[in-house]
Amino acid sequence: MIAVARLVAAKDLRIEARSRVLLWQVLPFGVIALLLSGLALGPAQAGNSSAGPGLFYLVTLFVTLLMINRSQSLENAPGTRASVATLGLDPAGVFLGKALALTVELWVTGIVLLAGSVLVLHTALIGTVQALPSILVTLATLAVAGTLYGALTQGGDGPATLLPVLTLPAFAPLLIAGERSFSAALHGGALWEWWVIVLVALVAYTAVGILLYGVLEES
Amino acid sequence: MIAVARLVAAKDLRIEARSRVLLWQVLPFGVIALLLSGLALGPAQAGNSSAGPGLFYLVTLFVTLLMINRSQSLENAPGTRASVATLGLDPAGVFLGKALALTVELWVTGIVLLAGSVLVLHTALIGTVQALPSILVTLATLAVAGTLYGALTQGGDGPATLLPVLTLPAFAPLLIAGERSFSAALHGGALWEWWVIVLVALVAYTAVGILLYGVLEES
Amino acid sequence: MIKLSQRLLGPVTLACLAATFVLGLWVTPEDRTQKNLVRLLYVHPPIAWVALYVSFGTATIASCLYLWRRTRSMTMDRIAYCAMEVSVVFIILTLITGSIWGRPTWGVWWAWDARLTSTAILGVFALAYLALRRANDDPTLRARRSAVFAILTAVNVPIIHFSVVWWKTLHQGASVLTSTGQLNVHGSMLLAMLLGFVGFTLLFFWLLRERYRLEVKRDARSIATLDEALALRRREGV
Amino acid sequence: MVVRLVNAVVMSRGFALLSGVDLEVERGSLTVLTGANGAGKTSLLRLLGGLDTLTSGAGHVAGVDLAQGDRRQLRRRVGWLGHEGSFYADLSVRENLVFAARALERPVHDVDAALERVGLDHRVDTITKQLSAGQRRRLGLAWLLVRRPELWLLDEPYASLDDAGREFFDHLLGDVVRAGATVVVSAHDPLRSREVVARTLRMSGGRIDAP
Amino acid sequence: MVVRLVNAVVMSRGFALLSGVDLEVERGSLTVLTGANGAGKTSLLRLLGGLDTLTSGAGHVAGVDLAQGDRRQLRRRVGWLGHEGSFYADLSVRENLVFAARALERPVHDVDAALERVGLDHRVDTITKQLSAGQRRRLGLAWLLVRRPELWLLDEPYASLDDAGREFFDHLLGDVVRAGATVVVSAHDPLRSREVVARTLRMSGGRIDAP
Ligand code: HEM
Ligand SMILES: Nc1ncnc2c1ncn2[C@@H]1O[C@H](COP(=O)(O)OP(=O)(O)OP(=O)(O)O)[C@@H](O)[C@H]1O
Ligand SMILES: Nc1ncnc2c1ncn2[C@@H]1O[C@H](COP(=O)(O)OP(=O)(O)OP(=O)(O)O)[C@@H](O)[C@H]1O
Ligand SMILES: [Mg+2]
Ligand SMILES: [Mg+2]
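Reading guide: rules and limits
- Residues numbered from 1 in each chain as written.
- Chains lettered and ligands numbered in written order.
- Predicted model: local features only at pLDDT ≥ 70, side-chain atom pairs only at ≥ 80, totals over all residues.
- Heavy atoms only, no water.
- Helix = DSSP H or I, 4+ residues; strand = E, 2+ residues; numbered from the N terminus.
- Buried < 20%, exposed > 50% of the residue type's maximum accessible area, 1.4 Å probe, protein only.
- Contact = heavy atoms within 4.5 Å.
- Areas by Shrake-Rupley, 256 points an atom, 1.4 Å probe, with all protein chains shown as cover.
- Axes fitted to C-alpha atoms, helices over the stretch in contact; angles between N-to-C directions.
- Parallel < 35°, antiparallel > 145°, perpendicular 65-115°, else oblique.
- Left-handed = near helix turned anticlockwise from the far one by under 90°.
- Nonpolar A, V, L, I, M, F, W, Y, C, P; charged D, E, K, R; others polar.
- Near = heavy atom within 4 Å.
- Polar contact = N/O pair within 3.5 Å; in protein donor to acceptor, adjacent residues only side chain to side chain.
- Core = buried A, V, L, I, M, F, W, Y, C linked by side-chain atoms within 4.5 Å.
- pLDDT = per-residue confidence, 0-100.
- Phe/Tyr/Trp six-rings, centres within 6.5 Å; stacked < 30°, edge-to-face > 60°.
- Pairing = 2+ DSSP bridges.
- Right-handed = clockwise from strand over helix to strand, strands pointing away.

## Overview of the overall build of chain C
Part 1 of the reasoning: Counting secondary structure elements, chain C contains seven helices and zero strands.
Part 2 of the reasoning: The helix and strand sequence of chain C, counted from the amino end, reads α-α-α-α-α-α-α.
Part 3 of the reasoning: When the 238 residues of chain C are sorted by exposure, 49% land in the buried category.
Part 4 of the reasoning: For chain C, long-range pairs separated by at least 24 residues make up 76% of all intrachain contacts whose partners lie at least 6 apart in sequence.
Part 5 of the reasoning: Carbon together with sulfur atoms contributes 68% to the accessible area of chain C, which is approximately 12000 Å² in total.

## Focus on unusual backbone geometry
Most peptide bonds take the trans configuration, and most residues that are not glycine carry a negative phi.
Part 1 of the reasoning: Positive phi, close to 50°, is recorded for N7 of chain D, a residue that is not glycine.
Part 2 of the reasoning: Structurally, the position occupied by N7 of chain D is in strand 1 (residues 3-12).
Part 3 of the reasoning: Judged by its relative accessible area of 38%, N7 of chain D is partly exposed.
Part 4 of the reasoning: One non-glycine residue with positive phi stands out, namely R148 of chain E, at about 45°.
Part 5 of the reasoning: Positionally, R148 of chain E belongs in the loop between helix 5 (133-147) and strand 7 (151-155).
Part 6 of the reasoning: Note on R148 of chain E: relative accessible area 52%, which makes it exposed.

## Brief notes about the packing of helix 3 (residues 93-103) of chain E against helix 4 (residues 109-118) of chain E
Residue and element names in this part refer to chain E.
Part 1 of the reasoning: Direction vectors running N to C along helix 3 and helix 4 enclose 130°, while the axes themselves pass 9 Å from each other. In terms of their interaxial angle, helix 3 and helix 4 are classed as oblique. The two elements helix 3 and helix 4 meet at a crossing, and its hand is right-handed. Here V93, R94, L97, V98 and A101 of helix 3 come into contact with helix 4, specifically with V111, D112 and L115.
Part 2 of the reasoning: Partitioning the contact of helix 3 with helix 4 into residue classes produces six nonpolar, no polar and two charged.

## Here we look at helix 1 (residues 41-48) of chain D
Residues and elements named next belong to chain D.
Part 1 of the reasoning: Counting buried positions along helix 1 yields six of eight residues, so the element is predominantly enclosed.
Part 2 of the reasoning: Every buried residue belonging to helix 1 is among K41, S43, L44, L45, L47 and L48, and all of these are buried.
Part 3 of the reasoning: With its phi angle positive at about 75°, G50 sits one or two positions after the end of helix 1.

## With respect to the site of ligand 2
Part 1 of the reasoning: Lining the immediate surroundings of ligand 2 are 20 residues, of which T42 and S43 of chain D together with R123, S132 and G134 of chain E lie closest.
Part 2 of the reasoning: More than one chain reaches ligand 2: its neighbouring residues belong to chains C, D and E.
Part 3 of the reasoning: A distance of 3.0 Å separates an oxygen atom of ligand 2 from a polar atom in the side chain of H188 of chain D.
Part 4 of the reasoning: Between Q135 of chain E and ligand 2, the recorded distance is 2.8 Å, taken from a side-chain N or O atom to an oxygen atom.
Part 5 of the reasoning: Here ligand 2 loses 92% of its free accessible area of 660 Å² to cover by the protein chains.
Part 6 of the reasoning: Of all elements in the fold, only strand 2 (15-25) and helix 1 of chain D together with helix 5 of chain E reach the threshold of two or more residues within the shell around ligand 2.
Part 7 of the reasoning: For the shell around ligand 2, the residue count by class is four nonpolar, 12 polar and four charged.

## Structural notes on the nonpolar core
Most often, soluble globular proteins keep nonpolar side chains buried together rather than apart.
Part 1 of the reasoning: F29, Y149 and Y205 of chain B are the most contacted members of the largest nonpolar core, which totals 274 residues.
Part 2 of the reasoning: Ignoring anything within four residues of it in the chain, the contact list for F29 of chain B reads F62, L65, P164, V165 and L168 of chain A together with F62, V63 and L66 of chain B.

## So, the confidence of the model for chain C
Part 1 of the reasoning: Per-residue confidence for chain C averages 81 on the pLDDT scale, and 84% of its residues sit at or above 70.
Part 2 of the reasoning: Low pLDDT, under 50, characterises residues 177-183 of chain C; the stretch is placed with five contacts to residues that sit more than four places away or in other chains.

## As for the packing of aromatic side chains
Part 1 of the reasoning: Throughout the structure, instances matching the rule amount to 23 aromatic pairs over all chains.
Part 2 of the reasoning: Taking the centre distance of 5.0 Å and the plane angle of 75° together, the rings of F56 of chain A and Y57 of chain A count as edge-to-face.
Part 3 of the reasoning: The class of Y57 of chain A is buried, set by a relative accessible area of 2%.
Part 4 of the reasoning: A centroid spacing of 5.5 Å and a plane angle of 80° characterise the contact between Y158 of chain E and F169 of chain E, whose relative ring orientation is edge-to-face.

## So, the environment of L102 of chain B
All names here are of chain B.
Part 1 of the reasoning: Summarising the element assignment, L102 is placed in helix 5 (residues 91-121).
Part 2 of the reasoning: Judged by relative accessible area, L102 falls into the buried class, the value being 2%.
Part 3 of the reasoning: Along the primary structure L102 and L152 are separated by 50 residues, whereas in three dimensions their C-alpha atoms are 16 Å apart.
Part 4 of the reasoning: When near neighbours in sequence (up to four residues on either side) are disregarded, L102 contacts M67, I68, S71, A143 and T147.

## Things to note about the pairing of strand 8 (residues 182-186) of chain E
Residue and element names in this part refer to chain E.
Part 1 of the reasoning: Most of strand 8 sits inside the fold, with five of its five residues counted as buried.
Part 2 of the reasoning: Relative to strand 8, strand 3 (residues 30-35) is paired through four bridges, and the arrangement is parallel. Each residue of the ladder has a partner; that of V32, found in strand 8, is V185.
Part 3 of the reasoning: Pairing of strand 7 with strand 8, which is carried by five bridges, proceeds in the parallel orientation. In the sheet register, L153 faces strand 8, and the bridge partner there is V184.
Part 4 of the reasoning: For the handedness criterion, the β-α-β arrangement of strand 7, helix 6 (residues 163-178) and strand 8 is classed as right-handed.

Written out as structure tokens, the structure reads:
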């Protein structure tokens, strides 16, 4: 399982590194979306730093959707599915590998967006650094859950549009928990309750993925 | 030109009607995104109706991106491009047709989202109705501009991710204008200056599209 | 004549910029309210002017000329590309100098101000232009697409300019050249500013020229590799 | 001359798809391109169809200059059948052809005639993406029949056609050439049609071999 | 028996891709499926490869029950070469094969040997999506060579291969069958390999015709 996971993650990251889609397309998108969200709220509310965590997670959400979509579309090129299916890869390994690659990509994106948030939304730097571990965990959870949902939309008609509908409800609690824990870190409040939610979700999604990814793929 | 436009629009709308992607995937996504955005801001700000227009346009923006992407991916199936290219369709007509179909789709989405906004964000009903014409014009402008930008990303690597980067900066002024005019309608303010911006943009994008769409398509 | 001005471009640019710095840092007086911060006046507005009008103007005109059949040539495409790349540098400089100025005057590095936001958005626009170029590798298609995109982008420039009028902003209104055409700055300050404008504009063209030459060299190299590629491919046949 | 290429080169990402092709094709003739996998047959057909750009060299196809001319003019005169010659995958067989007919201002009546000729009349309402490989090929042929182009560019037309389909195709080639259109075909199998005289050119390494 | 199907039916959106197939295939044999376009050859191969689900009827393939068994077990024993038998389009030829070899815990050394056998050794670093149609086919064959499955399912293997490729393929079939693997092939051309004895089955209307 671990070997397969490493293999799949390396493959996804290599494709990513080669195509530079993250660097040239996803990151700029995230930065503009951050700017625009600030603008959409109007100067009064955006200047007010309390909007930072919410906007950060809102933008992260959309970026995540883009990335899941791309991660799955790699597997869905005509012909690719059949060929890879007959490799009989351990689905748990595939799941872990794809989730891992996505996590790495989301972490890169997240850190850039956090920097943007500190610069343009006046999110407090110290609080942000304190919130970093919880943010990374939340992003990993999004990646894991996203990989699972991505597999659900595989192969159907227009996965690009089906994905958001499926994921949004599942992501909502994660986003809220992430946002609250971020806010708490900014205002020096208690963190652990949100950590618990996100960690439980991470473990749960990972477990479900390891157990059920094979069922999703096999169709 | 008009005949080609009608043909292309009918084709796009027929595919849309058949696949029901709008109904089953895009609309639910929009509604959930609206709910989530409200949540991300926290109850205090979302309950406060002034956030309505901003959030409405933010969600509309993402929906628009999904729809443009889909509209262009219809043309990009392997083989389709070459076959259709050798039909030698008038590019101005193709542009108008695709923009028209997208406009219709965005109007449907927009009206549903407005209803959602009235229901869950407590946006004032009367103001919303008054703002409707300006919203429809803004959506049409988004559709026209989106068709143009969609063609820019056609065929390249990962158009699904390039599109947002290209469009967001261009959509920004439209969104701001739309949001201001919506807000103005809610608070009974002056509307005409925002109308002017959006109308000018609509005319400009249409003109540019009619003139230059051929240049973009001709690969 | 042309050759001479070509050769002089570098030195004149350096002279203008040096003069601006000397005038700006030592000769011009301190401001009553702004104190020494006023010295940014000789740097920030000229840089912003180049970022907005000179570079986007160049890129837009070159793009239009590319799209117009009679003047279509790869030269125009190259100019547009290089101008856009240089403009990224100037936009970043605008943002940096503006932020440095904003920290003491407004108390923040960044504010949700229409001009600041639109300037930043313009910067991402320029980056998006570069991303678009990367995503297309057929040279003609790339040239066409990026030309259209550059023109669509230019629409944002007037929006940025008028943003101070349309929205209530923190940012300075048009203070140097007001709508009445009246000049509000005097003496050595005016000279320093003027030199700044000239200097940074020249700097732009200097950078543009160097970047363009690099691009031509790169294309020449790719022509040299063309022969290699052809030979390699033909050898496959036997 | 419908086609005249002089030292045509097409580059893509630093690789020469075509490395200097000289080619003349007369109106009303049938030319067969053969050659090893990767020799450049598909690339040459794409160039002739205005689907790729000439990097250097000169070329005229159907009266259009490949370097400066309006490629849309060219495409309009060309009929293309590629490896994946499909159409809008979400439209039905008939809807696809009706779209093409309308676009070309041909009577819709032609569509049904064409569908019958290629033997897809029992599949008119099937969504294109559900067709089998050979049926998709046949749809491509039907579309060319509706289209009636001046210059037919066919990339491995026999692939995935069954015997009846190949026979039909052979007849079609004869008809087309006799009606004065020009055909350029890439093929690995020798052309079976005995009705028309074909000239066979071998390609290798991105060029046409000396005869 | 490697394959045993009894009245196998596969439905898709209300259409019967297979309408009751009875089939037995012995280990170490070569079976050729022919039939008109749309007869159901591809559908049958997909069913055998565990890529589609049985709607009714019964079937065992390579020891796995199609109705209840673990299809992943099945897929692991099967080698598939489809109409578009490509791979990760963004990886290079070699990277793709190394991925497969690693996944199967085969030595990477096999990859280079396979690439040389199929004649892609001069294209090892080309990105897969830039390959020509025939080269993609060859990549598919190389992948099967790395894979060495029990049951080979090949959908129109000759399509877009050049003469050398076809010859290579004929040899390969002989080797494979002699080594004890089972091969089921769909083809419109008669199989050219004279080394192995093949049984030919005709399909029509989603079934296998009575002999
Ligand atoms: C990040 C922050 C800032 C950005 C992005 C920015 C951007 C710009 C831009 C784009 C222009 C050119 C406008 C035009 O010519 O149409 C400009 C001009 C100018 N800026 Fe800034 N600026 C920033 C901060 C500041 C600050 C803090 C001050 C002074 C308190 C300042 C003072 C000026 C002045 C005096 C001009 C010339 C105005 C005119 O003549 O039109 N800027 N700035
Ligand atoms: N970037 C690249 N690097 C190396 N080779 C490339 C690159 N891009 C394309 N090629 C090669 O260009 C050739 C394209 O040939 P083309 O598709 O025209 O061949 P073909 O004659 O149609 O072959 P087939 O019979 O297989 O269809 C292939 O050999 C392919 O490997
Ligand atoms: N929803 C549907 N409605 C009607 N027909 C359908 C539908 N889905 C699939 N088909 C038909 O099912 C058949 C699929 O056959 P399959 O692909 O197995 O054919 P094949 O024998 O491989 O043909 P070829 O030689 O052309 O490759 C085709 O005739 C196709 O038209
Ligand atoms: Mg080919
Ligand atoms: Mg088939």
